Amino acid sequence: MTTAHVTCPLCEATCGLEVTLDENQQVTRVQGDDQDVFSKGYICPKGASLGALHHDPDRLTAPLLKRDGEFVEVSWQEAYDEIARRLPPIIEEHGRDAVAVYAGNPGVHNIALTLYGRVLYKALGTKNFYSATSVDQMPKHYSSGTMFGDPLAIPVPDLDRTQHLLVLGANPLVSNGSLMTAPDIRGRLRGIRDRGGKIVVVDPRRTRTAAFADEHHPIRPGTDAFLLFALVNVLFEEDRVTPGRLAEHLDGLDDVRELARSFTPEAVAPRTGIAAGEIRRMARELADAENAVVYGRIGTTTQAFGTIASWLVDVLNVLTGNLDEPGGAMFPLAACQPTGNRRPFKVGRWHSRVRGYPEVVGELPVATLADEIESPGEGQVRALITVSGNPCLSTPNAGRLTQALGNLDFMISVDVYLNETSRQADVVLPGPSPLERPHFDLAFYQLSVRNVANWTPATLPSALPQEWETMLRLTGIVAGQGPEADVAALDDFVAADVARRAGLEVTHDRTGPARLVDLMLRAGPYDVTLADLEAAPHGMDFGPLKPRIPEVLCTASGRIELAPEPVVKDVPRLRDELAKPVDDGLVLIGRRHLSSNNSWMHNLAPLVRGGNRCTVQVHPADAARLGLTDGGLAAVTSRAGKLEAPVEITDEIRQGVISIPHGWGHDVDGARTRVARANPGVNSNLVADETLLDVPSGTSVLNGIPVEVAPA
Ligand SMILES: Nc1nc2c(c(=O)[nH]1)N[C@H]1C(S)=C(S)[C@@H](COP(=O)(O)OP(=O)(O)OC[C@H]3O[C@@H](n4cnc5c(=O)[nH]c(N)nc54)[C@H](O)[C@@H]3O)O[C@H]1N2
Ligand SMILES: Nc1nc2c(c(=O)[nH]1)N[C@H]1C(S)=C(S)[C@@H](COP(=O)(O)OP(=O)(O)OC[C@H]3O[C@@H](n4cnc5c(=O)[nH]c(N)nc54)[C@H](O)[C@@H]3O)O[C@H]1N2
Ligand code: SF4
Ligand SMILES: [Mo]
């Protein structure tokens, strides 16, 4: 029997886990690591199923090649030969933009894909780069990019010291926190209470977090920008604007005052469904708290005014003097800093061909990927590489995208399962299980409520190549080196580049992600190397967050742009919306469950126990009006499509709103996920409308989709 201490790679919380293996290398137990410096023993059901994931007989163990419509297992050589035969001619004939990439969420939790995926994408040089970011947090990158000059400078709630937490559109007791790395959310929220602080939740559903909070405001979906503007309005009207130390680092304070003028609590109350008096009280409590933080997450980003809402969250943090202050919203200082020049944020360096959407942080909205595949002409997308993504379940008008993928000349999926998306590929390249690869949360330590770092070596050897090698093999092919590219040489080249940017000599004692992480640690702020982290299997704690303004700012002015022009340009759209008659038609929002992980962990029996969770939640009054019965089937229709799912009548959900979780719909032919197929649910993104976007960021509206509902 052996035990290993690993960081769980399944969500943003970065929990330390203790994995027990028997002499046959079977995982017999997974529990929280009590000694982990950050998570201190916390674990959730997903982390506990790491063994089930590792041993899942459906997980791919060899490359797959489609021959006459059927997948056959092939050697890696055969797989690369096929790719080398089919991909370069598409680039030669139709140009680089003819190959699109879709990079999914688990790639951000996977050090190999994070560090070497970008090598492949750069070599490919396509404008058609898409990722899960445009169905997630892009508005936050946009607001940080324009306000602070750096799309990655995202302030996080200083959860362990705050006295007042205002949460909008997040359910961290279920999601375990997002853009806020904080294991054991419940313990930390309880800490706020125990200190005499207050938690206020704004959410159309009475979620676990809302139920736990001191106060819950069931807002009408898509109207957070109105509410936030009204809070800003009250602060100015009541002379409660106190930016404190930040005053000397600010531009645009008066512009914000002007912009907020028309958004009075009385004007926005009928939109938001929150009474004007309540809005005033919320603003006063925010201003009066000893310290406070406003935190918005996916309910505020995947909606029609996601960028404005994301911006106003941090405007409020500035106006109340809580940005960059203990107990407020602070900028983490990770042990590994991104290397390279920090240049002021710029968008629209290119535009999508069919609908003309601007590029944002190097990508185009995934909502327009189907357009780019379907519309003939120069620049048409003819090939697609998906890397740890399942867009056929996770992106809007999934039905149309699924069809469109059928038109491609060639498709590669780098994925661990044959699922709703990868079944459409010509070649599937699998990667090792989380226990067979090293792990380091490069992305999430940048978002962590304490400055910590933890390196996890691979627990078990892998029969499959590490995914950084796969990325480099593909890089070799698109760079014209053919299927036999020298991976070690390419890796040396990548490391030399990282070293150069970090101002260091390249090292030769390690390869792959370990070497890159070591270089980044050496260049980082804490005087540690990878060897130090290897000697600390429970992680290293560098302490609570510290103020970082002005050093963190990267705007052209060197100041915080409180009223950045690209965001301000979108305010008239919000004002127009305010002038329209109030629309109280039914809208759809999503929902997460503790035992789901977007679309891809439903093949693990322990996580799908307990009946069908993929229900349509409806308020009792709406159910009565629409003739829906609990357990009966509802037909949900939108401009984009139609689905049917069982009704769950509950007063948890606000009137006028229905909720369906995403990531289900596993009853498709050709996938190899037997457990998921037996617990299929429906694909909620069949009704998500790909034409509805947050305009500046190109992020899809996945919350607040107009729908009609009737008994099926
Ligand atoms: N309606 C609606 N839609 C949504 C959302 C919503 O709230 N509502 N949420 C959105 C959000 S926030 C996100 S992040 C996206 C997620 O969207 P995606 O990233 O497209 O989807 P995932 O479900 O995370 O699927 C990831 C894929 O990665 C594979 N995978 C897992 N681990 C590995 C690995 O180690 N290596 C490789 N190569 N592959 C791996 C899985 O098998 C799966 O195919 O969904 C979005 N879609
Ligand atoms: N268990 C579990 N954990 C996860 C995931 C998972 O699938 N399962 N996915 C991971 C990923 S990729 C991400 S990005 C994070 C997301 O992390 P969170 O943002 O915390 O996730 P959600 O639970 O989707 O919370 C969004 C909340 O917004 C509410 N909402 C919907 N529309 C609106 C609106 O218009 N206004 C307001 N104010 N609220 C609204 C919803 O009711 C919901 O409660 O979770 C991560 N963690
Ligand atoms: S909360 Fe996230 S990191 Fe922690 S055990 Fe669960 S899935 Fe893993
Ligand atoms: Mo996400």
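Residues numbered from 1 in each chain as written. Chains lettered and ligands numbered in written order. Predicted model: local features only at pLDDT ≥ 70, side-chain atom pairs only at ≥ 80, totals over all residues. Heavy atoms only, no water.

### Considering the side chain of His-109
Assignment of secondary structure puts His-109 in the loop between strand 6 (99-103) and helix 4 (111-124). By relative accessible area, which is 4% here, His-109 ends up buried. Polar side-chain contacts of His-109 include one of 3.4 Å to the backbone oxygen of Pro-9. Residues contacting His-109, with those up to four places away along its chain left out, are Pro-9, Leu-10, Cys-11, Glu-12, Arg-437, His-439 and Phe-444. (Helix = DSSP H or I, 4+ residues; strand = E, 2+ residues; numbered from the N terminus. Buried < 20%, exposed > 50% of the residue type's maximum accessible area, 1.4 Å probe, protein only. Polar contact = N/O pair within 3.5 Å; in protein donor to acceptor, adjacent residues only side chain to side chain. Contact = heavy atoms within 4.5 Å.)

### Observations regarding helix 20 (residues 512-523)
In this model helix 20 runs 17 Å from its N-terminal to its C-terminal C-alpha over 12 residues, within 8% of the 16 Å that 1.5 Å per residue would give. With 10 of 12 residues buried, helix 20 is to be regarded as a mostly interior element. Among all positions of helix 20, only Gly-512, Pro-513, Ala-514, Arg-515, Leu-516, Val-517, Asp-518, Leu-519, Met-520 and Leu-521 are buried. Against helix 4, helix 18 (467-478), helix 19 (487-502) and helix 21 (530-534) lie the buried residues of helix 20. (Expected span 1.5 Å × (residues − 1).)

### Regarding the packing of helix 9 (residues 224-237) against helix 12 (residues 276-288)
Put simply, helix 9 and helix 12 touch, their axes get as near as 9 Å, and they point 65 degrees apart. Crossing of helix 9 over helix 12 shows right-handed handedness. Here Leu-227, Ala-230, Leu-231, Val-234 and Leu-235 of helix 9 lie close against helix 12, whose contacting residues are Ile-279, Arg-280, Met-282, Ala-283 and Ala-287. A breakdown of the residues in the contact of helix 9 with helix 12 according to their chemical character gives nine nonpolar, no polar and one charged. (Axes fitted to C-alpha atoms, helices over the stretch in contact; angles between N-to-C directions. Left-handed = near helix turned anticlockwise from the far one by under 90°. Nonpolar A, V, L, I, M, F, W, Y, C, P; charged D, E, K, R; others polar.)

### Digging into unusual backbone geometry
Backbone torsion omega between Ile-549 and Pro-550 reads 15 degrees, so that peptide bond is classified as cis. Relative to the helices and strands, Pro-550 is located in the loop between strand 19 (540-544) and strand 20 (560-561). Non-glycine residue Gln-25 carries a positive phi angle of around 65 degrees. You can call Gln-25 partly exposed: its relative accessible area is 42%.

### Let's talk about the domain arrangement of the protein chain
In terms of domains, the protein chain is made up of domain 1 (1-55), domain 2 (155-330 + 557-574) and domain 3 (585-711). Computed from C-alpha atoms alone, the centre-to-centre distance between domain 1 and domain 3 is 31 Å. Counting residues at the interface gives six residues for domain 1, matched by nine residues for domain 3. Taken together, the links from domain 1 to domain 3 amount to zero salt bridges. Inspection of the domain 1/domain 3 interface yields one residue pair in polar contact (both at pLDDT 80 or more). For the side of domain 1 that touches domain 3, the residue count by class is four nonpolar, one polar and one charged. (Domains from an automatic or database assignment. Salt bridge = Lys/Arg side-chain N within 4 Å of Asp/Glu carboxyl O.)

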